[in-house]
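# A closer look at the structure
Here's the letter readout for the chains.
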Amino acid sequence: MTSSDAPLIVLVAGEASGDNLGAQLIIALRQRIPQARFAGIAGSRMVAAGCEAWERMENLSVMGLFEIIPHLPRLLKIRRQLIDRVLAERPAVYVGVDAKEFNLRIAPRFKEAGIPTVQYVSPQVWAWRQGRVNTIGRAVDLVLCLLPFEKPFYDTHSVHAEFVGHPLADVVPMELSAETARYQLALPERGQYVAVLPGSRQGEVSRLSPDFAQTMAWLLHERPQLRFIAALANEPARRIFEEALERAALGNPALLDRVTLINGHAQTVMAASDVVLLASGTATLEATLVKRPMVVAYRLGMLTSFLLKHLKLFKAPFFAQPNLLAGRELVPEFFNAEVRAEVLGPAVLQQLERADRDQLVQTFTSIHETLRRDASARAADAIVDLLVKRRLSV
């Protein structure tokens, strides 16, 4: 595709994972459309890749059905401003990069105005509120799927979708040495390590940190030789987790001496470990690609949990990524009331000692191979193909 009028491509991301995806997509699109301009709602990585930030990505990072309510005035203002600007600028294509609740509410406005619309990362429509699939089909011209089972779901509902693979699978090496990772983190090479990742969003970290810290205290009581490495996404998350650790250490002061806190570097922290205790989300896929046994926890706000349970909105058999991808329970996952030390602790020990570890690694390797497809390039190709077909049809 060539053009002399510097086509504008608008991208909107709402959290760190979307920022990574958006940045890689911008790089791939620029290789195909060198004269393109990029703008939208962006994080630091997208900005570094050449995206003009109409609004900072962090302003969209809200989790949960009801947790969003206090932020509604600000979000509605951002939405109004974005809609007005996109309709005025009339970009060559609008790409929602994750941030599904935000993007899919405004994409129909652009599609109705004749602007091609793309949703990069499918909502978990196959897991809960499946009726949304028709709404998605009306909202966008193309869904770019990161997981292989998503495209067949859309195909059955006549929604245009492509499986492009997962960018994480492209960048995570097929093998990662624990010894090398420990050296990089300046950790003693010998010993057993439990990696702890309580999430990236402040609400998520607040809900999980107390139970994760108590689980660490429980584990240290059972196995005094264990060491812990905690990867914290940002300074607010670190402060929340440190407070939880201090409370948990009241019953076992030795805990604080056995924990190393790391800002970022989640992949290296997981690679350095023997087992991972983590929040549900993209991190569980990363742990799969790093090929470490894990225990997954998921805790939502009370109102959101009530709806999921009593209205039976959740349809998938699992929520942890490795279990979803394998179609069976590879690793234990725990939700809400199950997320407590006396449950998580024994599960971590079981994973640490599982006899079929080699078989688990082989399964993780197979998943890695399935997802490694040069996702950013495939996503860029699909977008360019959409634009070419749109141009030929007018």
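For the structure itself, look to the data block above.
Residues numbered from 1 in each chain as written. Predicted model: local features only at pLDDT ≥ 70, side-chain atom pairs only at ≥ 80, totals over all residues. Heavy atoms only, no water.

### What about the sheet that holds strand E12 (residues 294–298)?
Taken in spatial order, the six strands line up as E10-E9-E8-E11-E12-E13 in an open sheet, and their pairing is parallel. In this open sheet, the two edge strands, each paired with only one partner strand, are strand E10 (259–263) and strand E13 (333–335). Here the strands of the sheet are splayed against their neighbours by 15 degrees on average, with no regard to which way each runs. Of the pairings in the sheet, the one linking strand E9 (residues 227–232) to E10 comprises five bridges and is parallel in character. Each residue of the ladder has a partner; that of Ala-230, found in E10, is Leu-261. Contacts from helix H9 (residues 202–222) reach strand E8 (193–197), E9, E10, strand E11 (275–279) and E12, with the element oriented near 155 degrees to E11. Most of the contacts of helix H12 (residues 282–290) go to E11, to which it runs at about 165 degrees, and overall it touches E11 and E12. (Pairing = 2+ DSSP bridges. Helix = DSSP H or I, 4+ residues; strand = E, 2+ residues; numbered from the N terminus. Axes fitted to C-alpha atoms, helices over the stretch in contact; angles between N-to-C directions. Contact = heavy atoms within 4.5 Å.)

### Side note on the pattern of salt bridges
In this structure the tally under the stated criterion is 17 salt bridges. One salt bridge connects Glu-101 with Arg-105, and the closest N-O pair in it is separated by 3.6 Å. Residue Glu-101 and its partner Arg-105 are both found in helix H4 (residues 100–112); the two are separated by four residues, about one turn of the helix. For Arg-340, the salt bridge goes to Glu-342, with nearest N and O atoms at 3.0 Å. With relative accessibility at 35%, the residue Arg-340 sits in the partly exposed group. (Salt bridge = Lys/Arg side-chain N within 4 Å of Asp/Glu carboxyl O. Buried < 20%, exposed > 50% of the residue type's maximum accessible area, 1.4 Å probe, protein only.)

### Concerning the packing of aromatic side chains
Note on aromatic pairs: each is described by the distance of the centres and the angle between the planes. Taken as a whole and judged by the stated rule, the model has three aromatic pairs. Ring centres of Tyr-94 and Phe-110 lie 4.7 Å apart, and the angle between their planes is 45 degrees; this geometry places the pair in the tilted category. Taken together, the residues Tyr-94 in strand E4 (residues 93–97) and Phe-110 in helix H4 connect sequence positions 16 residues apart. Both residues of the pair, Tyr-94 and Phe-110, belong to the buried class. (Phe/Tyr/Trp six-rings, centres within 6.5 Å; stacked < 30°, edge-to-face > 60°.)

### Here's the deal with the nonpolar core
The biggest cluster of nonpolar side chains holds 70 residues, and the ones touching the most others in it are Ile-9, Leu-11, Leu-25, Val-95, Tyr-120, Leu-144 and Ile-383. Tallying contributions element by element places helix H17 (residues 375–393) first for this core, with eight residues. (Core = buried A, V, L, I, M, F, W, Y, C linked by side-chain atoms within 4.5 Å.)

### Considering unusual backbone geometry
Positive phi values are uncommon outside glycine, yet Ala-99 reaches one of about 45 degrees. A positive phi angle, near 60 degrees, is found at Ala-186, a position not held by glycine. As for its placement among the helices and strands, Ala-186 is situated in the loop between helix H8 (178–184) and E8. Owing to a relative accessible area of 69%, Ala-186 belongs among the exposed residues under this scheme.

### Here's the deal with the pairing of strand E2 (residues 37–42)
Along any regular strand the residues' side chains alternate between the sheet's two faces. Burial analysis of E2 places five of its six residues in the buried class, the great majority of the element. By the bridge criterion, five bridges tie strand E1 (residues 8–13) to E2 in an arrangement that is parallel. Within E2, the residue paired with Ile-9 across the bridge is Phe-38. Viewed along the sheet, the connection from E1 through helix H1 (residues 16–32) into E2 turns out right-handed. The pairing of E2 with strand E3 (residues 51–56) spans five bridges and is classified as parallel. Its bridge partner lying in E3, Gly-40 is registered against Ala-53. (Right-handed = clockwise from strand over helix to strand, strands pointing away.)

### Examining the sheet that holds strand E5 (residues 117–120)
Spatially, seven strands are ordered E3-E2-E1-E4-E5-E6-E7 in an open sheet, and the strand pairing comes out parallel. Two strands in the sheet have a free side with no partner beyond their single neighbour: E3 and strand E7 (161–163). The average undirected angle you get between the axes of adjacent strands in this sheet is 20 degrees. Strand direction decides the pairing type here: E1 and E4, joined by five bridges, are parallel.

### Side note on the packing of H9 against helix H15 (residues 341–352)
Relative to each other, H9 and H15 sit at 55 degrees, their axes nearing to 8 Å. Taken as axis vectors, H9 and H15 run oblique relative to one another. The two elements H9 and H15 cross, and the hand of that crossing is right-handed. Taking contact as the criterion, the partners of Phe-212, Gln-214, Thr-215, Trp-218, Leu-219 and Glu-222 in H9 are, on H15, Ala-341, Leu-344, Gly-345, Pro-346, Val-348 and Leu-349. When its residues are assigned to classes, the contact of H9 with H15 shows eight nonpolar, three polar and one charged. (Parallel < 35°, antiparallel > 145°, perpendicular 65-115°, else oblique. Left-handed = near helix turned anticlockwise from the far one by under 90°. Nonpolar A, V, L, I, M, F, W, Y, C, P; charged D, E, K, R; others polar.)

### A short note on the environment of Ala-249
Considering the arrangement of structural elements, one finds Ala-249 in the loop between helix H10 (235–248) and E10. Its relative accessible area of 5% is what places Ala-249 among the buried residues. Apart from residues lying up to four places away in sequence, Ala-249 is in contact with Leu-255 and Leu-256.

### Here's the deal with H10
The end-to-end C-alpha distance of H10 is 20 Å, a good match for the 20 Å that 14 residues give at a rise of 1.5 Å each. Those residues of H10 that are buried lie in contact with E8, H9, E9 and E10. A distance of 2.8 Å separates the backbone nitrogen of Ala-237 from a side-chain oxygen at the start of H10, and that oxygen is part of Asn-234. (Expected span 1.5 Å × (residues − 1). Polar contact = N/O pair within 3.5 Å; in protein donor to acceptor, adjacent residues only side chain to side chain.)

Shape is all these values report; function is a separate question.
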